Amino acid sequence: MSLNSQVTLVPEEAEDMWHTYNLLQVGDSLRASTIRKVQTESTTGSVGSSRVRTTLTLCVEAIDFDTQACQLRVKGTNIEENQYVKMGAYHTIELELNRKFTLAKKSWDSVVLDRIDQACDPTQRADVAAVVMQEGLANVVLVTPAMTLLRAKVEVTIPRKRKGSCSQHEKALERFYEAVMQAILRHINFDVVKCILVGSPGFVKDQFMTYLFKEAVRQDNKVLLENRPKFMLVHSSSGHKYSLKEILCDPTVTSRLSDTKAAGEVKALEDFYKMLQHEPDRAFYGLAHVEKAADALAIDTLLISDKLFRHQDVPTRSRYVRLVDNVRDNGGNVRIFSSLHVSGEQLTQLSGVAAVLRFPIADLSEGEEESSSDED
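What counts, and where the lines are drawn
- Residues numbered from 1 in each chain as written.
- Predicted model: local features only at pLDDT ≥ 70, side-chain atom pairs only at ≥ 80, totals over all residues.
- Heavy atoms only, no water.
- Helix = DSSP H or I, 4+ residues; strand = E, 2+ residues; numbered from the N terminus.
- Buried < 20%, exposed > 50% of the residue type's maximum accessible area, 1.4 Å probe, protein only.
- Areas by Shrake-Rupley, 256 points an atom, 1.4 Å probe, with all protein chains shown as cover.
- Lys, Arg positive; Asp, Glu negative; His and termini not counted.
- Charge placed at Lys NZ, Arg CZ, Asp CG, Glu CD.
- Salt bridge = Lys/Arg side-chain N within 4 Å of Asp/Glu carboxyl O.
- Axes fitted to C-alpha atoms, helices over the stretch in contact; angles between N-to-C directions.
- Parallel < 35°, antiparallel > 145°, perpendicular 65-115°, else oblique.
- Contact = heavy atoms within 4.5 Å.
- Nonpolar A, V, L, I, M, F, W, Y, C, P; charged D, E, K, R; others polar.
- Disulfide = S-S within 2.5 Å.
- Pairing = 2+ DSSP bridges.
- Phe/Tyr/Trp six-rings, centres within 6.5 Å; stacked < 30°, edge-to-face > 60°.
- Lys NZ or Arg CZ within 6 Å of the ring centre and 35° of its normal.

J.: Describe in detail the overall build of the chain, supporting the description with residues and values.
T.: Check the secondary structure of the chain and you find twelve helices and 15 strands. Projecting the C-alpha coordinates of the chain onto the three principal axes gives extents of approximately 80 × 75 × 35 Å. Within the span of the chain, comprising 376 residues, buried residues form 49% of the whole. In the structure as shown, the chain presents an accessible area of about 19,400 Å², 49% of it carried by carbon and sulfur atoms. Placing the 46 positive and 52 negative side-chain charges of the chain at their respective mean positions leaves the two points 9 Å apart.

Dropping the structure here:
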């Protein structure tokens, strides 16, 4: 794309807001519909205020993304004439679903263009769902190519079994299972989702599945009955959201999910750790080390967090983009991890960048100690 060229996009679902957050940078210009509070004076001289919808073009100064609500607010100064807002006045636009916006940049790099392609690809949607549960707690999660979205948290107090009477315990369990079933029906789109992982410690998952399909038969719920083969039972150590990571690492799960981006990321990170353990000269992490490996044309797979491309310092961001382009130009694979995925959080602990090499390179840190004392 040429200098200051622009693109008009329409966010259609929550995940599109995450893509937009990754596209926006300070200094870009954003044109979108917004609500502005305007002071009005009547013929009698009384002053009131009203809210008007208008279209503004802002020079972006601050970007705020609410991960829970998937809401995106962009603050900046007005750079185009408008009857309600003075030039240079501050305004905050909250981007809305199904309302178009236009984004203009001084330069469009390969990472940004890839992000737009990914966001516009209709096949890149939430094709995996997971229910991680334990007695009295369940988290219903959608695993999309870009993020892990918590869709529902179900909590029901389950009294302990008492000697001679289990009725209170059984009734509470049934209430819990019913609530989880409703959360699944409300939040999982069976037309899109290819696989629903149900994980728990012990037999909770098995008991829940027995309940779920007994109810489906009783209620003649065709959606559940037709999609029964999509449910897959796996072990997890708890019903908390962080247990999703161990579920996605389960070999039986990774083979079933081999065509999803999330499973690919988990496997790429696992391969890196295995290499680090068995052949440390072929597994590097940290920007300086990975750049040297790229210069030696040694990188087979680059693992990099999308968090790094949100760096507001242009030269720093350009350095990461250059690394990605270098690896691709030399036939290497590039995996850009979402920082909202469990695997992305793990990669962040390795400074957000790591690489599996085609051939071993002797440890770079030895030679660097003399030249650079401030290197980690």
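What follows picks up the thread again.
J.: With reference to specific residues and values, describe the pattern of salt bridges.
T.: Tallied over the full model, the rule gives 17 salt bridges. When the shortest N-O distance is used, the salt bridge between Asp271 and Lys267 registers 3.0 Å. Of this pair, Asp271 and Lys267 both sit in helix α8 (residues 261-278), four residues apart, roughly one helical turn. With a closest N to O distance of 2.8 Å, Glu291 and Arg319 form a salt bridge.

J.: Tell me about the packing of helix α2 (residues 110-120) against helix α10 (residues 314-329), and name the residues and values.
T.: In contact at an axis separation of 9 Å, α2 and α10 are set at 75° when each is read in the N-to-C sense. Classified by the angle their axes make, α2 and α10 are roughly perpendicular. Across the interface between the two elements, Ser110, Val111, Val112 and Asp114 from α2 touch Arg317, Val321, Val324, Asp325 and Arg328 from α10. Looking at the contact of α2 with α10, its residues break down into four nonpolar, one polar and four charged.

J.: Residue-level account of unusual backbone geometry, with values.
T.: The backbone phi angle of Asp220 is positive, close to 55°, even though this residue is not glycine. When you line up the elements, Asp220 lands in the loop between α4 (204-219) and α5 (222-226). By relative accessible area, which is 46% here, Asp220 ends up partly exposed. Backbone geometry places Ser351, a non-glycine residue, at a positive phi of 65°. Inspection of the secondary structure assignment puts Ser351 in the loop between α11 (342-348) and β15 (353-357). With a relative accessible area of 41%, Ser351 lands in the partly exposed category.

J.: Give a detailed account of the state of the cysteines, specifying residues and quantitative values.
T.: Cysteine pairs can be linked by a disulfide, which is a covalent bond between their two sulfur atoms. By the definition in use, this model includes zero disulfides. Here Cys195 stays unpaired: no disulfide links it, and the sulfur of Cys249, its closest cysteine neighbor, is 15 Å away. Residue classification places Cys195 among the buried positions, given a relative accessible area of 2%.

J.: Let's hear about the sheet that holds strand β8 (residues 137-143): which residues, and what values?
T.: The five strands are arranged β9-β8-β7-β10-β11 in an open sheet whose pairing can be described as mixed. Single-partner strands in this sheet number two, and they are β9 (148-155) and β11 (231-235). Adjacent strand axes in the sheet meet at a mean angle of 20°, parallel and antiparallel pairs treated alike. Inspection of the sheet shows strand β7 (residues 128-134) paired to strand β10 (residues 195-200) by five bridges, in the parallel sense. What sits directly across from Val128, in β10, is Cys195. Against the sheet, α4 contacts β7, β10 and β11, and its axis sits at roughly 160° relative to β11.

J.: Hey, could you go over the packing of aromatic side chains for me, with residue numbers and the actual values?
T.: Within the structure shown, the criterion is met by eleven aromatic pairs. Judged by centre distance (5.7 Å) and plane angle (40°), the rings of Tyr177 and Tyr211 are tilted. Remark: Tyr211 occurs in helix α4 and Tyr177 occurs in helix α3 (residues 167-187); sequence separation between them is 34 residues. Taken together, a centroid distance of 6.4 Å and an interplanar angle of 85° make the contact between Phe272 and Tyr285 edge-to-face. In this pair, Phe272 sits in helix α8 while Tyr285 sits in strand β12 (residues 283-285), placing the two residues 13 residues apart along the sequence. Assessed through its relative accessible area of 41%, Tyr285 is described here as partly exposed. A connected cluster of aromatic rings, assembled from ring pairs, spans Phe176, Tyr177, Phe208 and Tyr211. When the ring centre of Tyr90 is taken as origin, the NZ or CZ atom of Lys75, which lies over that ring, is 5.2 Å away.

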